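Results of the structural survey
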Amino acid sequence: MDTDIRTKAKQHLACALDLPNLKEAQALARRIQHEVGYLKVGLELFTSAGSEAVSLVRSLGLKCFLDLKLHDIPATMARAAAAAADLGVDLLTVHASAGPEALSQVLKATAHSNMRTLAVTVLTSSDEKDLKAIGVLKPPLEQVRDLACMAVEQGVSGFVCAAPELHVLREVAGPNAFLVTPGIRPSLADSFDQKRVADPAWAVEHGSNLLVVGRPIRDAKDPARSASQIVASIATVLNRAESDHP
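Residues numbered from 1 in each chain as written. Predicted model: local features only at pLDDT ≥ 70, side-chain atom pairs only at ≥ 80, totals over all residues. Heavy atoms only, no water.

So, on to helix 6 (residues 100–109). What helix 6 keeps buried is the set Ala 102, Leu 103 and Val 106. All buried residues of helix 6 fall inside an arc of 95° around its axis, so they share one side. The elements touched by buried residues of helix 6 are helix 5 (74–87), strand 4 (91–95), strand 5 (116–120) and helix 8 (140–153). (Buried < 20%, exposed > 50% of the residue type's maximum accessible area, 1.4 Å probe, protein only. Helix = DSSP H or I, 4+ residues; strand = E, 2+ residues; numbered from the N terminus. Arc of directions from axis to C-beta. Contact = heavy atoms within 4.5 Å.)

Dropping the structure here:
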């Protein structure tokens, strides 16, 4: 396969470093560093290791996706986002449900940086029953659309969404929006607690810019091989797209 296509494909894959400490995260990161474009630092690792987790990602020459899903009062979210930008983070998640003022202040506080803010609409672990339990009576797809419309009005250009909602986010946010898709499961992989999942190739074909993969890579006997196989499936889609539009 063309080397350039494979290099591009790697930029569509983020591995989640969902591990309890820096030592284990470092071991996994080093095994897969040549097979991914991003490493995702989530709540577990950031709580354990703090900014050292971000430094680890940067030391390997990879892009850092800091997945903290901020949801607080606007001023606190803005200061936290600015601090993340100062660490050199490339992507940071916030909950769209924090509201328009919070999103606006986050974007204003990070305007000096190259960090992209990603609004989380509805978690991939949530379904209609879960939404009803917290008082949201709309179906997930409708809730995603409404939150995305509000976020776009504030200037947000990046979103996290389940694969089945990609078409809605692309319609609402436009062709230049950066769409991140968790809940990615290669064929035959266990979906675990994710309720709205998709195959890697399908997600890319339907407009995802970045796939987030955790357990199928982390828990594989050979994480690097698992990541490489996902990259190969992404590369096939990209290669086909380039052939169709030379």
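Now, onward.
This part covers the nonpolar core. The biggest cluster of nonpolar side chains holds 71 residues, and the ones touching the most others in it are Leu 13 and Leu 39. Residue contributions to this core peak at seven residues, all from helix 12 (residues 223–244). Core analysis: the next-biggest nonpolar cluster, separate from the first, contains 12 residues, Phe 65, Leu 91, Val 160 and Phe 178 among them. (Core = buried A, V, L, I, M, F, W, Y, C linked by side-chain atoms within 4.5 Å.)

Let us now look at the environment of Pro 74. Structurally, Pro 74 is set in helix 5. Note on Pro 74: relative accessible area 26%, which makes it partly exposed. Sequence-wise, Pro 74 and Gly 99 are 25 residues apart; in three dimensions their C-alpha atoms are separated by 8.5 Å. The residues touching Pro 74, leaving out its near neighbours within four places in the chain, are Glu 101, Ala 102 and Gln 105.

What follows deals with the pairing of strand 1 (residues 13–16). A two-sided burial pattern is seen for strand 1, the buried positions comprising Leu 13 and Cys 15 on one face and Ala 14 and Ala 16 on the other. As paired elements, strand 1 and strand 2 (residues 38–42) share three bridges and run parallel to each other. Note on strand 2: the bridge partner recorded for Ala 14 is Tyr 38. (Pairing = 2+ DSSP bridges.)

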